[in-house]
2 protein chains.
Amino acid sequence: MSSLTLKDVAKVAGVSYATVSRALSGSPEIGEKTRQRILKLCDEMGYTPNSVARSMVMKHTNIIGLILASIDNPFMSELTVHLEIYARELGYNLMVCNSSYNQKLERDVFRLLLSRKVDGIIILPISHSSDESLQSLTSQVPTVFVSENMQDLPENYISIDNTRGMKIATDYLYSLGHRKIVYLGARKNSVTHALRVEGYTSTCKKHGIEPIIIESNYPRSSHEAGYLLAREYFSKSHDETAILCASDSLAIGVMHAAYEKGIRIPEDLSLMGFDNISFASLPPINLTTINQPKQELATSAMDLLIQHINGTESGYSSKLVSPSLVIRGSCLARNKEINANGGPHA
Amino acid sequence: MSSLTLKDVAKVAGVSYATVSRALSGSPEIGEKTRQRILKLCDEMGYTPNSVARSMVMKHTNIIGLILASIDNPFMSELTVHLEIYARELGYNLMVCNSSYNQKLERDVFRLLLSRKVDGIIILPISHSSDESLQSLTSQVPTVFVSENMQDLPENYISIDNTRGMKIATDYLYSLGHRKIVYLGARKNSVTHALRVEGYTSTCKKHGIEPIIIESNYPRSSHEAGYLLAREYFSKSHDETAILCASDSLAIGVMHAAYEKGIRIPEDLSLMGFDNISFASLPPINLTTINQPKQELATSAMDLLIQHINGTESGYSSKLVSPSLVIRGSCLARNKEINANGGPHA
DNA sequence: TGAATTTGTGTAAACGTTTACGATAGCTGT
DNA sequence: ACAGCTATCGTAAACGTTTACACAAATTCA
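Residues numbered from 1 in each chain as written. Chains lettered and ligands numbered in written order. Predicted model: local features only at pLDDT ≥ 70, side-chain atom pairs only at ≥ 80, totals over all residues. Heavy atoms only, no water.

### Regarding the domain arrangement of chain A
Here's step 1: When cut into domains, chain A gives domain 1 (6-49), domain 2 (63-159 + 294-319) and domain 3 (162-292).
Here's step 2: A separation of 37 Å is found between the C-alpha centroids of domain 1 of chain A and domain 2 of chain A. (Domains from an automatic or database assignment.)

### A look at the protein's contact with DNA strand D
Here's step 1: What surrounds DNA strand D is a group of 26 residues, the closest being Thr19(A), Arg22(A), Gly31(A), Ser21(B) and Tyr47(B).
Here's step 2: Expressed as a percentage, the sugar and phosphate content of the atoms of DNA strand D within 4 Å of the protein is 61%.
Here's step 3: Gly31(A) is positioned such that a nitrogen or oxygen atom in its backbone is 2.8 Å from a phosphate oxygen of DNA strand D.
Here's step 4: Here Arg54(B) contributes a side-chain N or O atom positioned 3.0 Å from a phosphate oxygen of DNA strand D.
Here's step 5: Only α2 (17-25) and α4 (51-58) of chain A together with α2 (17-25) and α4 (51-58) of chain B provide two or more residues apiece to the surface near DNA strand D. (Near = heavy atom within 4 Å. Polar contact = N/O pair within 3.5 Å; in protein donor to acceptor, adjacent residues only side chain to side chain. Helix = DSSP H or I, 4+ residues; strand = E, 2+ residues; numbered from the N terminus.)

### Topic: the relation of the copies chain A and chain B
Here's step 1: Mapping chain A onto chain B calls for a rotation angle of 180° and an axial translation of 0.0 Å; the resulting RMSD is 0.1 Å. Expressed as a symmetry operation, the mapping of one chain copy onto the other fits a two-fold axis. By C-alpha distance to the rotation axis, the residue of chain A lying nearest is Met95(A), at 2.3 Å. (Least-squares fit on C-alpha atoms with pLDDT ≥ 70 in both.)

### What about helix α8 (residues 162-175) of chain A?
Residues and elements named next belong to chain A.
Here's step 1: Across its 14 residues, α8 extends 20 Å between first and last C-alpha, which sits within 8% of the 20 Å expected from 1.5 Å per residue.
Here's step 2: Taken together, the buried positions of α8 are occupied by Asn162, Thr163, Gly165, Met166, Ala169, Thr170, Tyr172 and Leu173.
Here's step 3: Phi turns positive, to about 100°, at glycine 177, one or two residues after α8. (Expected span 1.5 Å × (residues − 1). Buried < 20%, exposed > 50% of the residue type's maximum accessible area, 1.4 Å probe, protein only.)

### Observations concerning the pairing of strand β6 (residues 181-187) of chain B
Residues and elements named next belong to chain B.
Here's step 1: Most of β6 sits out of view: 7 of its 7 residues are buried.
Here's step 2: Across 5 bridges, the pairing between β6 and strand β7 (residues 212-216) is parallel. Residue pairing in the sheet places leucine 184 in a bridge with isoleucine 214 of β7.
Here's step 3: Crossover handedness for the path β6 to helix α9 (residues 191-207) to β7: right-handed. (Pairing = 2+ DSSP bridges. Right-handed = clockwise from strand over helix to strand, strands pointing away.)

### Concerning the interface of chain A and chain B
Here's step 1: Chain A puts 54 residues into the contact, and the matching count from chain B is 53 residues.
Here's step 2: Surface buried jointly by chain A and chain B totals about 4700 Å² across both partners, of which 64% is contributed by carbon and sulfur atoms.
Here's step 3: The tally of links between chain A and chain B comes to 0 salt bridges.
Here's step 4: Between chain A and chain B we count 16 residue pairs in polar contact (both at pLDDT 80 or more) in total. (Contact = heavy atoms within 4.5 Å. Buried area = accessible area lost by both parts, 1.4 Å probe. Salt bridge = Lys/Arg side-chain N within 4 Å of Asp/Glu carboxyl O.)

### Remarks on helix α3 (residues 32-45) of chain B
All names here are of chain B.
Here's step 1: The end-to-end C-alpha separation of α3 is 20 Å, in line with the 20 Å expected for 14 residues at 1.5 Å each.
Here's step 2: Packed against the buried residues of α3 are α1 (6-13) and α2.
Here's step 3: With its phi angle positive at about 75°, glycine 46 sits one or two positions after the end of α3.

### Some thoughts on the sheet that holds strand β5 (residues 157-160) of chain A
Here's step 1: Ordered by their spatial adjacency, 12 strands build an open sheet running β11(A)-β5(A)-β4(A)-β3(A)-β1(A)-β2(A)-β2(B)-β1(B)-β3(B)-β4(B)-β5(B)-β11(B), and the pairing between neighbours is mixed. Of all the strands in the sheet, the pair left with one neighbour each is β11 (319-321) of chain A together with β11 (319-321) of chain B. The mean angle between the axes of side-by-side strands here comes to 25°, regardless of whether they run parallel or antiparallel.
Here's step 2: Direction of pairing for strand β1 (residues 63-68) of chain A relative to strand β2 (residues 93-98) of chain A: parallel, over a ladder of 6 bridges. Paired with Ile64(A) across the two strands is Leu94(A), which belongs to β2(A). (Axes fitted to C-alpha atoms, helices over the stretch in contact; angles between N-to-C directions.)

So, in structure tokens, the structure goes:
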């Protein structure tokens, strides 16, 4: 099982192993005929270069670490596909670690990746982790944050423009004739959520309507949380015509609660999500939402990280990518008799 | 940015770097007082062991490679969470590569992982890849296949019992009174699909009902494929009372096509999926299906791989884990009168 | 007490690369 | 023909560990 080394092929080629190394690495200081001969021999013998030995001397591994809460989160897994494919194009491999929504684990895996000598780390931090302990870690390796900002690290941060996204959403609902729009699922301790709420409230004020915010104390924006939140809200008096959710997952929970109450979507209630996770496009869900361009997010984050790794600090700065409206079937115009698009089941 | 080495801490500790190494590795041949002193010093200085240097001499990396079609596939991402967490418990890290449903890429990343000197590889092969080219690769490193079998590699293979799963599904539908059950989405060139089809047909024969199979020529079992397949089927005459899909994704597409045709689920038509991906439990979908125990699949695969890595061939053999029925809201009991009428929709 | 054993620590080799440096051979130009 | 180049290749050091071996000090035992 132990594989061939440079020495092995050097021996049968009758050259020194430095020559073989040069043949493989495309060095100019080697004769073209010997290079061809050696390349052919390597292929025949089935030689596979040992990249850990290479890393040892080159002092970089071409591995980048990815830390996220849980890869089965659809937003995160979509992002990861693009991250991995793009990284590979650039000559890097991805080492993925789940922090399992646990701050201690998040730091532990960070340290683990540090000892793995990854060249850089991309992290989708768990919401509440704006503590200092991560700070001391991030100074040890190029790091870029995706989606969730830490207040004090604005320079290596990629995200969509959350505020603008919620402005677009609120404007859309307003343009449909909605005047009672409730925002569901605001969470404390999250910069992302604060920015989204701001987009909503500022747009409400612009249009002279009153913002109504349902806060969430649940640790995650799951559909279970959305269900619980909405069920409680529906049990009291309510006269809103539209609900704008802080995330698609929450919106799916709201659909459930609405169905139980006999509230039809979108006929009785318009519903919007945020993120455009893959769920949202599923026919039975068919949720109008705000898209996060995952691929652009991924390549931007990777580009930024690579820049930092290569020390070309020139363009090293955070970036906000643009959200966009995705119209599906969960919203309906009010007070006008337009019955254009169908319901969530259309 | 360049981090401390053993020599650095040895220098300030006033000992040789071998001693520091021994303190860190928990070697018995070192005084307890010096060990404590050194450990404390390492902590103070912020020393991080270089695991690539360690790999160099130990001849193993404690990295295992994971190859899958696309991590945003919900089944695969759920599996990956468990794989990664369990691997980490066992002292391994995961290097994840997407093959993007591309056979050439699948082989390329395999070779890449080989040069990374991963200790083992877990692969969810793309369906048609029962070719020999992978064979020559898998002989070079411990490998276990998950979910999709290759006919000629039965020893390192973890999967659920696909046949039994479809037997359970068919039996369930039969027990609900269904006598016209169509199987939708069978795909050629896939052992998994062949096994599932067999479970279905054998159970049909057992009950004396006729198997009706809709084959799929689409490359993946996506909901788009399910929609297209079902739409075409619904456009012809049909009198089935239940559709059993080869996967949950297909079932979601069938839901869509049924809705368009005005066929209500489950009132007019019972629908079952297979896999129990996270989608299936979403309230608007609420699909009755067969569960694949992802965590058991993951730990079994990892255990098998580690066994092989450690050379303890004793228990090294493939394993079939048990599928189970998950009853949700997409199936209804059917009595014989309605069935005799030839179906609710014509 | 002296020898034998144990315990703790240092020395050095090894892992498989890359690459600076040196050496040799073949050229060039005059 | 000879100095100076260039092109090609070999030698050896380096990367940061682990660990076999050597060896000194401390302990044990007769």
